[in-house]
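A structural walkthrough
Below, each chain spelled out in residue letters.
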Amino acid sequence: MTTSTKRKPYVRGMQANWWQKLGFYKFYMLRESSALGNVWFSIVLIYGIFSMKDGVAGWESFVAFLQNPLVLILNIISLLLAALHTKTWFELAPKAANIVVGDTKMGPGPVIKALWVVTIIATVVILAVTLL
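So, here's what we can say about the structure. (Residues numbered from 1 in each chain as written. Predicted model: local features only at pLDDT ≥ 70, side-chain atom pairs only at ≥ 80, totals over all residues. Heavy atoms only, no water.)

1. Section: the packing of aromatic side chains
Quick note on the threshold: The criterion for an aromatic pair is that two Phe, Tyr or Trp rings (for Trp, the six-membered ring) have centres within 6.5 Å, with stacked assigned to planes under 30 degrees apart, edge-to-face to planes over 60 apart and tilted to the rest. Think of it this way: any DSSP run of H or I at least four residues long counts as a helix, any run of E at least two long counts as a strand, and we number them from the N terminus. Remark: exposure states derive from per-residue accessible area (1.4 Å probe, protein chains only) relative to the maximum for the residue type, with buried under 20%, exposed over 50%, and partly exposed in between.
Counting across every chain of the model gives six aromatic pairs. Between Tyr-47 and Phe-62 the ring centres are 5.5 Å apart and the planes differ by 65°, which places this aromatic pair in the edge-to-face class. Of this pair, Tyr-47 sits in helix H1 (residues 23–52) while Phe-62 sits in helix H2 (residues 55–66), placing them 15 residues apart in sequence. Judged by relative accessible area, Tyr-47 falls into the partly exposed class, the value being 35%. Consider the rings of Tyr-47 and Phe-65, whose centres lie 5.0 Å apart with planes at 80°: the pair is edge-to-face. Separated by 18 residues along the polypeptide, Tyr-47 in helix H1 and Phe-65 in helix H2 bring together distant segments of the chain. According to the relative accessible area criterion, Phe-65 is partly exposed, its value standing at 27%. In textbook terms, an aromatic cluster arises when at least three aromatic residues are bridged by ring pairs, as seen for Tyr-47, Trp-59, Phe-62 and Phe-65.

This is the structure in structure tokens:
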């Protein structure tokens, strides 16, 4: 047996600019748009990998592509978006970890600092290996 009703379901209207009303939502949309920077970087990386199959000439054309001012600006924007995403992710990590030392809950500061230290060490090691 099924029951039916003649009432229309309530559908709350959603405007296209809902996220522009509060600063929190604006920052949320900025953080989520950082994925576009990752897409750009992935495309550039794939283009670089495929250009290596053409030997020295392909690599030189890829380097010339990277030296284009528009590509340079897009790469800088992509780097800034990745840094913003990393910062916000590191600030969320301690909330998920919920680390307890002894009888007290550890604050987010040490976890965030540890994540940045690991990130900086990994970056330095990768750059050192790359430049050797």
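From this point on, the discussion continues.
2. A few points about the environment of Thr-88
Put simply, the rule reads: The contact criterion used is simple: two residues touch if any of their non-hydrogen atoms lie within 4.5 Å. Distance and chemistry together define a polar contact, namely a pair of N or O atoms within 3.5 Å, with one atom able to donate a hydrogen and the other to accept it when in protein, and with adjacent residues in sequence counting only for side-chain atoms on both sides.
Note that Thr-88 resides in helix H3 (residues 69–97). C-alpha separation for the pair Thr-88 and Arg-31, spaced 57 residues apart in sequence, amounts to 8.1 Å. In contact with Thr-88, not counting residues within four places along its chain, are Phe-27 and Arg-31. A polar side-chain atom of Thr-88 sits 3.0 Å from the main-chain carbonyl oxygen of His-85.

3. So, the environment of Ala-114
On the secondary structure map, Ala-114 appears in helix H4 (residues 108–131). Residue Ala-114 is classed as partly exposed on the basis of its relative accessible area, which comes to 41%.

4. Comments concerning H1
Applicable threshold: Expected helix span is given by 1.5 Å per residue-to-residue step, counting one fewer step than there are residues.
The terminal C-alpha atoms of H1, which comprises 30 residues, lie 44 Å apart, in line with the 44 Å expected from a rise of 1.5 Å per residue. Considered for burial, the residues of H1 that qualify are Arg-31, Ser-34, Gly-37, Val-44, Gly-48 and Ser-51.

5. Looking at the layout of surface pockets
Short version of the rule: The method works on a 1 Å grid over the protein atoms by themselves. A cavity is a set of points holding a 1.4 Å probe that cannot get out, a pocket is an open set with protein on both sides within 12 Å along at least five of seven lines, and residues with an atom within 4 Å of a point line them. Grid points are joined across faces, edges and corners, and a volume is the space filled by probe spheres set on the points.
As a volume, the largest pocket reaches approximately 420 Å³. As for the largest pocket, its lining consists of Asn-38, Phe-41, Val-44, Leu-45, Phe-62, Leu-66, Leu-72, Asn-75, Ile-76, Ser-78, Leu-79 and Ala-82. Sorting the residues of the lining of the largest pocket by element identifies H1, H2 and H3 as the ones contributing at least two each. Counting residues per element, the lining of the largest pocket draws most heavily on H3, at six residues.

6. Re the packing of H1 against H3
Operational definition: Between the N-to-C directions of two axes lies an angle of 0 to 180 degrees, each axis being a line fitted to C-alpha atoms and, for a helix, fitted only over the stretch in contact. Put simply, angles under 35 degrees are roughly parallel, angles over 145 are roughly antiparallel, angles from 65 to 115 are roughly perpendicular, and the rest are oblique. Should the near helix be turned anticlockwise from the far one by less than a right angle, the crossing is termed left-handed; should it be turned clockwise, right-handed.
For the pair H1 and H3, the least separation of the axes is 8 Å and the interaxial angle reads 130°. In terms of their interaxial angle, H1 and H3 are classed as oblique. Between H1 and H3 lies a crossing whose hand is left-handed. Counting all contacts with H1, which are made through Phe-27, Leu-30, Arg-31, Ser-33, Ser-34, Gly-37, Asn-38, Trp-40, Phe-41 and Val-44, the residues of H3 involved are Val-71, Leu-74, Asn-75, Ser-78, Leu-81, Leu-84, His-85, Thr-88, Trp-89 and Leu-92.

7. Some words on the side chain of Ser-51
Residue position: Ser-51 is located in helix H1. Judged by its relative accessible area of 5%, Ser-51 is buried. Among the polar contacts listed, one links the side chain of Ser-51 to the backbone oxygen of Gly-48, at a separation of 2.8 Å. Among residues more than four places away in sequence, those in contact with Ser-51 are Gly-58, Trp-59 and Phe-62.

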